[in-house]
Amino acid sequence: MSETTLFERIIAREIPADIVHEDDISIAFKDISPQAPHHILIIPKKAIPRIGQAHEDDAATLGHLLLTARKIARDLDLAEVDKGFRLVINNGKDAGESVPHLHVHLLAGRQLQWPPG
Ligand code: 5GP
């Protein structure tokens, strides 16, 4: 059996987090170590370890994460083209994944550089 991840413990309210959105499928909370003025993690309640382990039948959940990110961006007044936000998914060791529970980073509030490091 797989171990309970940090993010599952946040979903279960065993670890506190600054939650900005919750619904039946997803939860979103502020990153504990923000890399931009806005840095929010959007995660599925289903324990999908990473995008590389997602299944065809996760399609609705994956789409929901993006639409939740859109909602949060709109709520923060970031969705217009003259503002902006970036969505990032780190998959695996080389990409810097540190928590094995799928999460979409929403970063905004400063000029973001490209390419990322
Ligand atoms: P990754 O590096 O896996 O793409 O992203 C994991 C993110 O989780 C990091 O940005 C890290 O700062 C954040 N994080 C790690 N532990 C906690 C925590 O206990 N609470 C919150 N809110 N974020 C965390």
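Keep in mind it's a predicted model, so treat the numbers as computed, not measured.

About the criteria used
Residues numbered from 1 in each chain as written. Predicted model: local features only at pLDDT ≥ 70, side-chain atom pairs only at ≥ 80, totals over all residues. Heavy atoms only, no water. Helix = DSSP H or I, 4+ residues; strand = E, 2+ residues; numbered from the N terminus. Rg over C-alpha atoms; globule rule 2.2 N^0.38 Å. Buried < 20%, exposed > 50% of the residue type's maximum accessible area, 1.4 Å probe, protein only. Contact = heavy atoms within 4.5 Å. Areas by Shrake-Rupley, 256 points an atom, 1.4 Å probe, with all protein chains shown as cover. Lys, Arg positive; Asp, Glu negative; His and termini not counted. Charge placed at Lys NZ, Arg CZ, Asp CG, Glu CD. Salt bridge = Lys/Arg side-chain N within 4 Å of Asp/Glu carboxyl O. Pairing = 2+ DSSP bridges. Axes fitted to C-alpha atoms, helices over the stretch in contact; angles between N-to-C directions. Patch = residues over 30% accessible without salt bridge, like charges linked within 9 Å, V, L, I, M, F, W, Y side chains within 5 Å. Phe/Tyr/Trp six-rings, centres within 6.5 Å; stacked < 30°, edge-to-face > 60°. Near = heavy atom within 4 Å. Polar contact = N/O pair within 3.5 Å; in protein donor to acceptor, adjacent residues only side chain to side chain.

Points about the overall build of the chain
Part 1 of the reasoning: Counting secondary structure elements, the chain contains two helices and five strands.
Part 2 of the reasoning: Over its C-alpha atoms the chain spans a radius of gyration of 14 Å, differing by no more than 12% from the 13 Å that the globule rule assigns to 117 residues.
Part 3 of the reasoning: If one aligns the C-alpha atoms of the chain with their principal axes, the spans along those axes are about 45 × 30 × 30 Å.
Part 4 of the reasoning: A buried classification covers 33% of the 117 residues belonging to the chain.
Part 5 of the reasoning: A separation of at least 24 residues holds for 52% of the contacts in the chain among residues at least 6 apart in sequence.
Part 6 of the reasoning: Entry remark: accessible area of the chain is about 7600 Å², with carbon and sulfur atoms responsible for 53%.
Part 7 of the reasoning: One finds the centroid of the 13 positive side-chain charges in the chain at a distance of 4 Å from the centroid of its 17 negative side-chain charges.

Digging into the pattern of salt bridges
Part 1 of the reasoning: Summed over the entire model, instances satisfying the criterion amount to eight salt bridges.
Part 2 of the reasoning: Among the salt bridges present, the one from K46 reaches D58, with a minimum N-O distance of 2.5 Å. With K46 in the loop between β3 (38–44) and α2 (59–75) and D58 in the loop between β3 and α2, this pair connects stretches of sequence that are twelve residues apart.
Part 3 of the reasoning: Look at K46 and you get partly exposed, because its relative accessible area is 42%.
Part 4 of the reasoning: The partner of K71 in a salt bridge is D75, with the nearest N and O atoms 2.6 Å apart. Pair noted here: K71 and D75 are both in helix α2, with a separation of four residues, about one helical turn.
Part 5 of the reasoning: Salt bridges linked by common partners bring R13, E22 and K45 together as one network.

Focus on the sheet that holds strand β2 (residues 26–30)
Part 1 of the reasoning: The sheet built from five strands is open, its strands ordered β1-β2-β3-β5-β4 with antiparallel pairing. In the strand order of this sheet, the two ends are held by β1 (19–22) and β4 (86–88), each with one partner. Averaged over all neighbouring strand pairs, the angle between strand axes comes to 20 degrees, with direction disregarded.
Part 2 of the reasoning: Packed on one face of the sheet, α2 meets β1, β2, β3, β4 and β5 (104–108) and runs near 155 degrees to β3.

What about a nonpolar patch on the surface?
Part 1 of the reasoning: Residues L66, F85 and L87 make up a contiguous nonpolar surface patch of about 240 Å² in total accessible area.
Part 2 of the reasoning: With respect to the helices and strands, the residue F85 is situated in the loop between α2 and β4.
Part 3 of the reasoning: Taking the relative accessible area as the measure of exposure, F85 reaches 32% and is therefore partly exposed.

What about the packing of aromatic side chains?
Part 1 of the reasoning: Under the counting rule described, the total for this entry stands at one aromatic pair.
Part 2 of the reasoning: Geometrically, the ring pair formed by F7 and F29 is edge-to-face, given 5.4 Å between the ring centres and 75 degrees between the ring planes. Taken together, the positions of F7 in helix α1 (residues 6–11) and F29 in strand β2 put the pair 22 residues apart, joining distant regions of the chain.

A look at the site of the ligand
Part 1 of the reasoning: Around the ligand, the structure places 16 residues, and the nearest of them are D31, N90, S98, H103 and H105.
Part 2 of the reasoning: Contact distances for the ligand include 3.2 Å between a nitrogen atom and a backbone N or O atom of I32.
Part 3 of the reasoning: Take N90: an N or O atom from its side chain is 2.9 Å from an oxygen atom of the ligand.
Part 4 of the reasoning: Taking 520 Å² as the accessible area of the ligand by itself, protein coverage stands at 83%.

That's the geometry; what it means functionally is another story.
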